[in-house]
Amino acid sequence: MNKLDAQRQKEIQQAEELLFAGPQALGFAKGLFHGHFVADWVMPYPRMPAAQQTELDKSLAELRQFLDEDLDPAEIDRQADIPRNVIDGLGRVGVLGATAPVEYGGLGLTQMANCKLLEEIGRRCASTSVFVNAHHSIGIRALLLFGTPEQNQKWLPKLVTGEQLGAFALTEQEAGSDAANVQMQARPTEDGAHFILNGEKRYITNAAIAHVLTVMARTPVPGSDKTAITAFLVTPDMPGFTMLDKRMPKMGIRGTATGRFALRDVKVPRENILGPPGKGLKVALTVLDFGRTTFGACCTGAAKTCLRLALEHANRRKQFNKTLGEFDLVKKKIARMAADAYAMEAMTTITASLIDRGLEDYMIETAMLKVFTTERLWECVNEAFQIYGGSAYFVDLPLERMLRDARINQIGEGSNEVLTSFIALVGMRGPGMEFKEIYDTMLKPTRAAIGRAWNAGMHRLGATVRVPDIPVRSTELRSFANQLGRLIWRFNFAVNRALITYREPILDMQLVQERIAGAAMDLFASTCVLSRQDEEIQLARRNGNSAPPDHSAADLFLRQSFRRIRGFLGGLTDNDDKSLLAAANSVLSKPRS
Ligand SMILES: Cc1cc2nc3c(=O)[nH]c(=O)nc-3n(C[C@H](O)[C@H](O)[C@H](O)COP(=O)(O)OP(=O)(O)OC[C@H]3O[C@@H](n4cnc5c(N)ncnc54)[C@H](O)[C@@H]3O)c2cc1C
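What you see is a predicted model, and the numbers here were worked out from it, not measured in a lab. (Residues numbered from 1 in each chain as written. Predicted model: local features only at pLDDT ≥ 70, side-chain atom pairs only at ≥ 80, totals over all residues. Heavy atoms only, no water.)

Caption draft 1: Highlighting the overall build of the protein. Broken down by element type, the protein carries 19 helices and 10 strands. Taken over C-alpha atoms, the radius of gyration comes to 25 Å for the protein, in line with the 25 Å a tight globule of 593 residues would show. In the protein, which comprises 593 residues, the proportion classed as buried is 52%. Surface summary for the protein: the accessible area is close to 27500 Å², and the carbon and sulfur share equals 54%. Distance from the positive charge centre (72 side chains) to the negative charge centre (67 side chains) of the protein: 4 Å. (Helix = DSSP H or I, 4+ residues; strand = E, 2+ residues; numbered from the N terminus. Rg over C-alpha atoms; globule rule 2.2 N^0.38 Å. Buried < 20%, exposed > 50% of the residue type's maximum accessible area, 1.4 Å probe, protein only. Areas by Shrake-Rupley, 256 points an atom, 1.4 Å probe, with all protein chains shown as cover. Lys, Arg positive; Asp, Glu negative; His and termini not counted. Charge placed at Lys NZ, Arg CZ, Asp CG, Glu CD.)

Caption draft 2: Examining the site of the ligand more closely. Looking at the ligand, there are 19 residues lining it, with F168, T171, S177, Y203 and T205 nearest. E417 places a side-chain nitrogen or oxygen 3.0 Å from an oxygen atom of the ligand. Here a nitrogen atom of the ligand and a side-chain polar atom of Q510 are 3.0 Å apart. In isolation the ligand exposes 980 Å². Once the protein is present, 67% of that is buried. (Near = heavy atom within 4 Å. Polar contact = N/O pair within 3.5 Å; in protein donor to acceptor, adjacent residues only side chain to side chain.)

Caption draft 3: Layout of the packing of aromatic side chains. Following the criterion strictly, the structure yields 10 aromatic pairs and no others. Look at F320 and F327: their rings are 6.2 Å apart centre to centre, the planes differ by 80°, and that puts the pair in the edge-to-face class. Relative accessible area serves as the criterion here: at 74%, F320 is assigned to the exposed category. Here the aromatic residues F28, F37 and F524 are joined through ring pairs into a cluster of three or more. Over the ring of W378 we find R407, and its NZ or CZ is 5.4 Å from the ring centre. Note that R532 overlies the ring of Y342, its terminal NZ or CZ placed 3.9 Å from the centroid. (Phe/Tyr/Trp six-rings, centres within 6.5 Å; stacked < 30°, edge-to-face > 60°. Lys NZ or Arg CZ within 6 Å of the ring centre and 35° of its normal.)

Caption draft 4: Examining the nonpolar core more closely. Membership of the largest hydrophobic core comes to 92 residues, with the highest contact counts inside it found for F37, L377, F491, I516 and L530. Among residues more than four places away in sequence, those in contact with L530 are M43, I470, V472, L477, F480, A481, L484 and L558. Counting 49 residues, the second largest nonpolar core, distinct from the first, contains V215, I229, L263 and L288. (Core = buried A, V, L, I, M, F, W, Y, C linked by side-chain atoms within 4.5 Å. Contact = heavy atoms within 4.5 Å.)

Caption draft 5: Just empty space enclosed by the protein, in detail. As enumerated under the stated definition, the model contains one cavity of 30 Å³ or more in all. When its volume is computed, the largest cavity comes out at roughly 50 Å³. Surrounding the largest cavity, M112, C115, K116, E119, A297, E345, T348 and T349 form its lining. Looking at the lining of the largest cavity, the elements with two or more residues in it are α6 (111-124) and α11 (328-356). If one sorts the elements of the lining of the largest cavity by residue count, α6 sits on top with four residues. Across the lining of the largest cavity, the residue classes tally to three nonpolar, two polar and three charged. (1 Å grid on protein atoms, 1.4 Å probe; cavity = no way out; pocket = protein on both sides within 12 Å on 5 of 7 lines; lining within 4 Å. Points joined across faces, edges and corners; volume = space filled by probe spheres on them. Nonpolar A, V, L, I, M, F, W, Y, C, P; charged D, E, K, R; others polar.)

Caption draft 6: Region of the structure containing the pattern of salt bridges. Inspection of every chain in the model, using the stated rule, returns 31 salt bridges. Among the ionic pairs, R78 bridges to E75, the shortest N-O distance being 2.9 Å. Taken together, the positions of R78 and E75, both in helix α4 (residues 73-79) and three residues apart, correspond to about one turn of that helix. Linking R124 and E120 is a salt bridge whose minimum nitrogen-to-oxygen distance equals 3.2 Å. Remark: E120 and R124 occur in helix α6; sequence separation between them is four residues, near one turn of the helix. Linked through salt bridges whose partners overlap, the residues forming this network are R64, D68, K116, E119, E120, R123, R124, K304, E345, R532 and E536. (Salt bridge = Lys/Arg side-chain N within 4 Å of Asp/Glu carboxyl O.)

Caption draft 7: View of the side chain of N272. By the secondary structure assignment, N272 is in the loop between β7 (258-269) and β8 (273-274). For N272, a relative accessible area of 3% translates into the label buried. Non-local contacts of N272, meaning those with residues more than four positions away in its chain, are made with Q151, W155, A231, F232, L233 and M238.

Caption draft 8: The pairing of strand β5 (residues 227-234), seen in detail. With seven of eight residues buried, β5 lies mostly within the body of the structure. Where strand β4 (residues 212-220) meets β5, eight bridges bridge the pair, whose relative direction is antiparallel. Looking at β5, one finds that P220 is bridged to T227. Pairing of β5 with β8 involves two bridges; the strand directions are antiparallel. Looking at β8, one finds that F232 is bridged to I273. (Pairing = 2+ DSSP bridges.)

Caption draft 9: Region of interest: helix α7 (residues 126-139). Taking 1.5 Å of rise per residue, 14 residues should cover 20 Å, yet α7 covers just 17 Å from first to last C-alpha, more than 12% shy of that figure. At N133, α7 shows its maximal bend, which comes to roughly 35°. Counting buried residues along α7, 13 of its 14 residues qualify, which places the element largely inside the surrounding structure. (Expected span 1.5 Å × (residues − 1). Bend = angle between axes of the 7 residues up to and from the residue.)

Set out below in structure tokens:
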């Protein structure tokens, strides 16, 4: 086996182990790739029970008051530090343990409610929202998800109040996008009571201010010469814990403390292992699912701020005797921002609700949310910046800070390129396996194989002939719903054709994957928008409002999203991929020219 094949085998084995542990309910995104519209997960639009909404409203009011009085995002950026009184205040209002069980001092909120809190912080200060995410969404998430009652009792009470802080340490020099390539070693002591950890971690948010870090390290697999990743709770007072860089100076989210540390023969007790030994990568990826969901919420908040700032300026600033908002090219930017902000909120709410409702496998949806919202926010900041013209460039306005802050989103917690590929490949795996069944049977027909292939064939055929029904309740949305159903049918057809045409090499064809992932993301985004719109219309009716709510931004989103989907699908057969790859290969092979 050559090196490339060995690497591919390793990746497939890791993916199998991570993603497909057992039978699970068909989620929305996986359903899309099969040509189904799994309506139950997305319609009707999720709403909080009244008691939960009251709790959330109370928490939101407290949070807003605190942020209005005590948070100064410009000063946080200037000083490159979030002051202790802000951290204490966040702890006091409960956001540092918002989803932690009440018995440990948390607020016991759902993900949906938590996302509303983070949207509020994301509206104002990206440093603060990233700090909260690093602590709560990922720092203590492994403990919340995988901690034993003893571990929870020992660690959580101080962490959920913010008296102590958490961090999540996965990234290393050689393990960035390739998260499975963790090199930090954890060797068991002879009596097995401890592990000795050695290695370095970099780019870790909160590293220097955390009291507890969830650290991923490689442990031997008993009875073999292999190693696997295991999650450990490490505290900085353990001998051998060495801070190499407390605050790496950086471009944006400057208030966060991004650090680098080494573990040198650090002795960690076995009882500090989180989750099953050897399953640390699954722990890490599950944790990141939560991080990506709150990422969506923070980006939504920031996009709403961009829209607000853009509206204020467009209505105030005059040139050529007109306000900027009177020019169509400015209107175009503003309309797109309003449409995107509406979609980002809808997508965040629905994704969070999947977690709350106990769907086991939502990693495609969280990846889609992360890529979609981070890309849209980047556009929103850029558009708002443009509307402000030269004034945006100066530090007395928040836009230059927001631009610097927003850039990390497309890189952190899984770069958007890696996640785009992931969305397409994990999504296509289901239909791909059905085609494999049919193909293998044609090569080696046995009675049992023919039965399985028949089932797979009927399943594929069923999805190919049926246009899924999108069950909206509002008649005025029927036309959009029908268009969405037809696009899902076309998407399924395109996925099938790509699988049949390219077979296994599709695993490496990222330009094809990008179009399939792009179409899937817009199908998900459109579904969320339609679901939200439907609910708002129904709610207005229930409340006796005769005039329908203004849905011009949502309508625009659907029209533009459908157009993008058609573009992605058309691009599968009409593209410049060959020329593009030839040009890239040519310059890559002569980097100095
Ligand atoms: C401010 C900040 C805070 C962070 N906080 C944390 C933290 O708290 N905990 C933690 O563990 N990590 C943290 N990180 C690390 C972050 O998650 C990584 O930077 C990220 O995963 C990317 O890894 P990398 O920087 O090594 O980039 P690389 O892996 O070198 O990738 C560079 C670029 O190459 C491209 N690329 C890579 N692989 C592929 C591929 N397969 N296909 C196509 N393109 C590809 C992408 O465009 C990518 O952006 C933080 C980083 C920053 C900058």
